[in-house]
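So the chains spell out like this:
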Amino acid sequence: MDGVILLVSGVWPGLAGALALGLGCGFVGGWPRGLATGLGLLSAASLLGAAALAGLVPGVGGFWVESAALMLWTYLGGCVLGALTKRARSDHQTANGA
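Rules and cut-offs
Residues numbered from 1 in each chain as written. Predicted model: local features only at pLDDT ≥ 70, side-chain atom pairs only at ≥ 80, totals over all residues. Heavy atoms only, no water. Phe/Tyr/Trp six-rings, centres within 6.5 Å; stacked < 30°, edge-to-face > 60°. Buried < 20%, exposed > 50% of the residue type's maximum accessible area, 1.4 Å probe, protein only. Patch = residues over 30% accessible without salt bridge, like charges linked within 9 Å, V, L, I, M, F, W, Y side chains within 5 Å. Areas by Shrake-Rupley, 256 points an atom, 1.4 Å probe, with all protein chains shown as cover. Salt bridge = Lys/Arg side-chain N within 4 Å of Asp/Glu carboxyl O. Helix = DSSP H or I, 4+ residues; strand = E, 2+ residues; numbered from the N terminus. Expected span 1.5 Å × (residues − 1). Arc of directions from axis to C-beta.

Participant: For this particular structure, what's the right way to read the packing of aromatic side chains?
Facilitator: Throughout the structure, instances matching the rule amount to one aromatic pair. With a centroid separation of 6.1 Å and an interplanar angle of 75°, the aromatic rings of Phe63 and Trp64 are classed as edge-to-face. Given a relative accessible area of 57%, Trp64 falls into the exposed group.

Participant: Looking at this structure, I do not really get a nonpolar patch on the surface. What am I missing?
Facilitator: Taken together, Leu19, Leu23, Trp31, Val80, Leu81 and Leu84 make up a surface patch of nonpolar side chains, about 480 Å² in accessible area. Sorting the residues of the nonpolar patch by element identifies α1 (2-29) and α3 (59-95) as the ones contributing at least two each. With three residues, α3 is the single largest residue contributor to the nonpolar patch. Looking at the element boundaries, Leu19 is found in helix α1. The class of Leu19 is partly exposed, set by a relative accessible area of 34%.

Participant: Looking at this structure, how should I read helix α2 (residues 35-54)?
Facilitator: Given 3.6 residues to a turn, an α-helix orients residues that are three or four positions apart in the same direction. With 20 residues, α2 extends 28 Å between its outermost C-alpha atoms, agreeing within 8% with the 28 Å of an ideal straight helix rising 1.5 Å per residue. Taken as a whole, α2 has its buried residues at Ala45, Gly49, Ala51 and Ala52. With its buried residues spanning 160° around the axis, α2 presents them on a single face. For α2, the exposed residues set more than 90 degrees away from the buried face come down to Leu35, Ala36, Leu47 and Ala54. Just downstream of α2 lies Gly55, where phi reads positive at about 70°.

Next comes the structure, spelled out in structure tokens:
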């Protein structure tokens, strides 16, 4: 657990940037049109996360893999939140007759 705290404390600017970028991209782009895009991103994030959890890459390279996995999941979470915000906003405007 101490390793995760150290990892997050060292890469929080990247995590904040990934979240902000994901929110913006999700709001502008919305949901992916095809199923393949969403599944491709989800599988890439899952494989990267599994490699980080398994500890397949030791040392500094492992730090980079763990950082990339955290940032990718943060970015994807931001994309989902941004897309949900866009959907809620468009539903609200439709309900008001705009």
